[in-house]
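Results of the structural survey
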Amino acid sequence: MSAYEIVRPVWRRFRARWMARAAAHVRRGGHAAVERQDGGLDILLGVDGAGKITELGLWSILAIEQQRWRRVKEGPAAGLAVTRVRARYEGSVLDWCERDSVHEGATRAIDLDCLECGACCHEANVILDEADFDRWRKAGRRDLLGRAYLKRADGRVTLRFAPSGRCQNLGHDNKCAIYALRPDNCSAFVVGSEACLAAREDTLKLRDGLEAEAG
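Small disclaimer: the values here were computed from a predicted structure and weren't measured.

The complete set of buried residues in helix H2 (residues 55-63) reads Leu56, Gly57, Ser60 and Ile61. When H2 is viewed along its axis, its buried side chains cluster within an angular range of 140° and face the same direction.

Here it is in structure tokens:
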């Protein structure tokens, strides 16, 4: 089944002196951008029962090209995850907060259908590995291993997209022609993540926030 109801975190912006409010928002399921006193920006994210950052939280920091985070040791945010935002990505994080300013509460439920959407199948960097190649060989799809579908650069192998920006495996009906054999990088893509929302906005012009509500 390709349709999902996703409960995603709602972003809020806080100043450092309101850390207790930021932490409370995150504990209710939201994400928080916290303006430090030195003018920089941190993001405060929730953790699961094992103390690991949540999946949507992890994909939020991956969206700004970061992987490292730490647990807050003391204060009102103790136990939560925090990471510092590089200056070049501060605008992106603040844009998420602006987008979500129309939504009430700490979380938002949205319905997404991957097989009807296909937004992530445009202008993507799909990295492939040997597991993908083995899957295609076993399925008798050695054609997928050729230069028409693959490109190599900087020691990595990625899918070659059409000049239009569409994945060559994306049909005119907006469905993946190799869905059962799709790369692991595609199947691991998290529905409702910031990368997912960005793809929908860039490709389909669907923004889950301010402009869409105002229009």
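This brings us to the pairing of strand S4 (residues 41-45). Of all 5 residues making up S4, 5 are buried, and the element is well covered by its neighbours. Two elements, strand S3 (residues 31-35) and S4, share 4 bridges in a ladder whose sense is antiparallel. Opposite Ala32, over in S4, you have Leu44 as the bridge partner. Between the end of S3 and the start of S4, which pair antiparallel, lie 5 residues, with Gly39 showing a positive phi angle near 95°. In this sheet, strand S6 (residues 81-84) lies alongside S4 in antiparallel orientation, the contact comprising 4 bridges. Its bridge partner being in S6, Leu44 is matched across the sheet by Val82.

Following the sequence through the fold, Glu194 ends up in helix H7 (residues 194-204). When sequence neighbours within four positions are dropped, the list of residues in contact with Glu194 reads Trp11, Ser60, Ala63, Trp96 and Arg99.

Once that is clear, we can look at the pattern of salt bridges. For the coordinates displayed, the defined rule picks out 17 salt bridges. When the shortest N-O distance is used, the salt bridge between Asp208 and Arg8 registers 2.9 Å. Here Asp208 is found in the loop between H7 and helix H8 (210-214), whereas its partner Arg8 is found in strand S1 (residues 3-9), with 200 residues between them in sequence. Accessibility expressed as a relative area gives 1% for Arg8, which makes it buried. A salt bridge links Asp132 to Arg135; the nearest nitrogen and oxygen atoms lie 3.0 Å apart. Taken together, the residues Asp132 and Arg135, both in helix H5 (residues 130-138) and 3 residues apart, mark about one turn of the helix. Overall, the relative accessible area of 1% leaves Asp132 in the buried class. For Arg135, a relative accessible area of 23% translates into the label partly exposed.

This paragraph deals with the sheet that holds S3. In space, the 5 strands of this open sheet follow the order S2-S3-S4-S6-S5, with mixed pairing throughout. The open sheet has two free edges, formed respectively by strand S2 (11-15) and strand S5 (70-71), since each of these has just one partner strand. In this sheet, S6 lies alongside S5 in antiparallel orientation, the contact comprising 2 bridges. Considered in S6, the bridge of Arg70 is made with Val82.

Once that is clear, we can look at the pairing of S3. The buried count for S3 comes to 4 of 5 residues, which makes it a mostly enclosed element. Both S2 and S3 contribute to a ladder of 5 bridges, which runs parallel. Along S3, the bridge assignment pairs Arg15 with Glu35. This β-α-β element, S2 to helix H1 (residues 19-27) to S3, shows right-handed connectivity.

What counts as what
- Residues numbered from 1 in each chain as written.
- Predicted model: local features only at pLDDT ≥ 70, side-chain atom pairs only at ≥ 80, totals over all residues.
- Heavy atoms only, no water.
- Buried < 20%, exposed > 50% of the residue type's maximum accessible area, 1.4 Å probe, protein only.
- Helix = DSSP H or I, 4+ residues; strand = E, 2+ residues; numbered from the N terminus.
- Arc of directions from axis to C-beta.
- Pairing = 2+ DSSP bridges.
- Contact = heavy atoms within 4.5 Å.
- Salt bridge = Lys/Arg side-chain N within 4 Å of Asp/Glu carboxyl O.
- Right-handed = clockwise from strand over helix to strand, strands pointing away.

Limitation: the analysis is restricted to geometry and does not speak to function.
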